[in-house]
Amino acid sequence: MNVTANSVWNNCLAFIEDNIQPQAFKTWFEPIKPVKLTDSALSIQVPSKFFYEWLEEHYVKLLKVALTKELGDHAKLVYVIRMENTYGNKEPFTEKIPSANRVNVDPQELDVPIKSKNPELKNPFIIPGIRNIKIESQLNPNYNFENFLEGDSNRLARSAGMAVANKPGGTSFNPLLVFGGVGLGKTHLAHAIGVEIKDKYPERTVLYISAEKFTQQYIESVKKNTRNDFIHFYQLIDVLIIDDVQFLSGKSGTQDVFFHIFNHLHQNGKQVILTSDKAPVDMQDIEQRLLSRFKWGLSAELQSPDYETRISILKNKLYRDGVEMPDDIIDYVAKHIKTNIRELEGAVISLIAQSSFNKKEVTLELAQQVVEKFVKNTKREVSIDYIQKVVSDYFEMDVATLQSKTRKRHIVQARQLAMFFAKKFTKASLASIGSQIGKRDHATVLHACKTVDNLAETDKQFRKYIEDLTKKFS
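Described in the following lines is the structure provided in the data block. (Residues numbered from 1 in each chain as written. Predicted model: local features only at pLDDT ≥ 70, side-chain atom pairs only at ≥ 80, totals over all residues. Heavy atoms only, no water.)

The buried count for strand β5 (residues 176-180) comes to five of five residues, which makes it a mostly enclosed element. Relative to strand β8 (residues 271-276), β5 runs parallel, the two sharing four bridges. Following the sheet pairing, L176 is matched in β8 by I273. (Buried < 20%, exposed > 50% of the residue type's maximum accessible area, 1.4 Å probe, protein only. Helix = DSSP H or I, 4+ residues; strand = E, 2+ residues; numbered from the N terminus. Pairing = 2+ DSSP bridges.)

Written out as structure tokens, the structure reads:
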């Protein structure tokens, strides 16, 4: 690289750094590399067209002044767009753009408005609410910490979320991965962290996006040949929240691009928050290098709420809606809907609706009717307790025997089948399955699942056990 180009650009940088905010300097000027100096034309390399357009839109006057100081009135600036380090390899120069605004710069013309071909900066992709690169966070303010009630089932995840919200990027919880079954509050907690950060640090750029939407945007960017713009956009985010990250399973291109975005954000002290329906150890078809990064921070599980937490959730919901309900009815709902907070709140909404539409008083009988219909019409997740009971009944033993330490072959096989079906039919982590089926560790559950798979292929009688039990859970 030409030394003269280096020295000219370093002098320009020194001047620019004195005249803009440190964060802006780091984001927009540190990545630029001087390429060559020919007469009074300095060529600089920028990572994407998006980057070039941003410089033209926001820093053209500053660049004019800096360059004129160094190279005189005939200074020229040529942009070289080079996409590199996206996939670990370098792609060739894509285009050279002389700056129409700064050819033969006259110092007296510095305040002339920019006449850009693209006066309105286009985003590399579309997110509703984003215009002219003002990034709307896509957060729902109703999902906040105030109405995310703490209980034994969520204490670790909630406390970690609070710590991250107080000091985004500054804790060891980076990334923070929140995982758990359907309707347990993963999305609520992810939004709550983002809402709290925006409240405490309004200048930070926070973006919430589902993994599905992220994948669609990436596919679109590949079609339009704006992949680098897509990557560069995400590298600008201070707090990136990706919901349902398990959706990236099997999508190697999206995983690859997320890997590079994640690395950049993490290295620059930005916060990454992820949600998933399973723990990293249980994720299928996710690249190992990505899984290892998911484990860098903290993985916190949201479990089904206990009875006391369910009561608190119901009372809080009723209080927020300004509705009073007798304690015996709240107790009935809490006792009969156990696995899912979404179902719990849904049942109360149905109860209030039935009462107001039919002008009926909320009685225990009405509660029984609503809960029965609600439970019947809702596709419910099979619980680990239920799986243990079905397997125990099938092998004519009680649950205590199934969970016992005995090494008798038929009991060990029953226990392994219970673990196998718990992994298959629930969203619980391996550790959670193990702790509920006789206080085993996750390695025991993993071994059980592999044993069942092997026996299913080699043992005809064992295969029949699996078929019979599968029918009972369908």
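We now examine the sheet that holds strand β6 (residues 206-210). Two strands in a sheet stick together by hydrogen bonds in their backbones, pointing the same way (parallel) or opposite ways (antiparallel). Strand order in the open sheet formed by five strands is β6-β7-β8-β5-β9, with parallel pairing between adjacent strands. Two strands close off the open sheet at either side, each with one partner strand: β6 and β9 (298-302). Neighbour to neighbour, the strand axes of the sheet diverge by 15° on average, direction disregarded. Contacting β5, β8 and β9, helix α5 (residues 155-166) crosses the sheet at an angle of about 135° to β9. Against the sheet, helix α7 (residues 211-223) engages β6 and β7 (239-243), with an angle of about 90° to β6. (Axes fitted to C-alpha atoms, helices over the stretch in contact; angles between N-to-C directions. Contact = heavy atoms within 4.5 Å.)

Core analysis: the biggest nonpolar cluster contains 31 residues, and W9, F29, L42, L55 and Y59 have the highest contact counts within it. Going through the elements one at a time, α1 (3-17), α2 (22-28), β2 (41-46), α3 (49-58), α4 (60-71) and β3 (76-84) are the ones with two or more residues in this core. Residues within four places of L55 in sequence aside, it is in contact with W28, F29, I32, V46, V60 and Y79. (Core = buried A, V, L, I, M, F, W, Y, C linked by side-chain atoms within 4.5 Å.)

Turn by turn, an α-helix covers 3.6 residues, leaving residues three or four places apart pointing in a common direction. Along its 13 residues, α7 runs 19 Å from first to last C-alpha, staying within 8% of the 18 Å computed at 1.5 Å per residue. Regarding α7, the residues found buried are A211, F214, T215, Q217, Y218 and S221. On an axial view of α7, the arc spanned by its buried residues comes to 165°, and they lie on one face. Buried positions along α7 lie against β6, α8 (227-235), β7 and α9 (252-267). (Expected span 1.5 Å × (residues − 1). Arc of directions from axis to C-beta.)

A few words now on the pattern of salt bridges. Within the structure shown, the criterion is met by eight salt bridges. With a closest N to O distance of 2.8 Å, D238 and K270 form a salt bridge. In this pair, D238 sits in the loop between α8 and β7 while K270 sits in the loop between α9 and β8, placing the two residues 32 residues apart along the sequence. Classification of D238 by relative accessible area gives buried; the value is 14%. A salt bridge links D468 to K464; its shortest N-O distance comes to 2.8 Å. Of this pair, D468 and K464 both sit in helix α20 (residues 460-473), four residues apart, which is roughly one turn of that helix. Given a relative accessible area of 19%, D468 falls into the buried group. One network of salt bridges, in which partners are shared, links D256, E287 and R289. (Salt bridge = Lys/Arg side-chain N within 4 Å of Asp/Glu carboxyl O.)

Looking at the secondary structure, you find D243 in strand β7. Comment: no salt bridge for buried D243; closest opposite-charge side chain is K186, at 6.7 Å. With sequence-adjacent residues up to four places away left out, D243 is seen in contact with T187, Y208, I209, S210, A211 and T275. (Lys, Arg positive; Asp, Glu negative; His and termini not counted.)

What follows concerns α8. With eight of nine residues buried, α8 is to be regarded as a mostly interior element. Those residues of α8 that fall on the buried side of the exposure criterion are N228, D229, F230, I231, H232, F233, Y234 and Q235.

Burial analysis of β2 places six of its six residues in the buried class, which makes it a mostly covered element. Of the two faces of β2, the one carrying A41, S43 and Q45 and the one carrying L42, I44 and V46 are both buried. Hairpin geometry of strand β1 (residues 33-38) and β2 is characterised by an intervening segment of two residues between the two adjacent antiparallel strands and by a positive phi of about 55° at D39.

Our focus in this paragraph is empty space enclosed by the protein. Tallying each qualifying case throughout the model produces one cavity of 30 Å³ or more. When its volume is computed, the largest cavity comes out at roughly 40 Å³. In terms of lining, the largest cavity is formed by S153, N154, L184, L302, Q303, P305 and I341. Counted by class, the lining of the largest cavity contains four nonpolar, three polar and no charged residues. (1 Å grid on protein atoms, 1.4 Å probe; cavity = no way out; pocket = protein on both sides within 12 Å on 5 of 7 lines; lining within 4 Å. Points joined across faces, edges and corners; volume = space filled by probe spheres on them. Nonpolar A, V, L, I, M, F, W, Y, C, P; charged D, E, K, R; others polar.)

Another aspect to go through is unusual backbone geometry. For the bond running from N174 to P175, omega is 5°, close enough to zero to count as cis. Among the secondary structure elements, P175 is positioned in the loop between α5 and β5. Even without being glycine, N225 reaches a positive phi, approximately 60°. Here N225 is to be found in the loop between α7 and α8. Of the residues examined, N225 reaches a relative accessible area of 64% and is grouped as exposed. Notably, E396 is not glycine yet its phi reads approximately 55°, a positive angle. Relative to the assigned elements, E396 resides in the loop between α15 (384-394) and α16 (399-403).

The geometry of an aromatic ring pair is captured by two quantities: the separation of the ring centres and the angle between the planes. Summed over all chains, the structure comprises 16 aromatic pairs. Centroid distance F25 to F29: 6.1 Å. Interplanar angle 20°. Geometry classified as stacked. Residue F29 is classed as buried on the basis of its relative accessible area, which comes to 0%. Between F29 and Y59, the ring centres sit 5.2 Å apart and the planes meet at 70°, which makes this aromatic pair edge-to-face. A residue pair is termed long-range when its members are at least 10 positions apart, and F29 in the loop between α2 and β1 and Y59 in the loop between α3 and α4 qualify at 30 residues. An aromatic cluster of three or more residues is present, and its members are F214, Y218, F230, F233, Y234, F258, F262 and W296. Positioned over the ring face of Y201 is R204, at 4.5 Å from the centre of the ring. (Phe/Tyr/Trp six-rings, centres within 6.5 Å; stacked < 30°, edge-to-face > 60°. Lys NZ or Arg CZ within 6 Å of the ring centre and 35° of its normal.)

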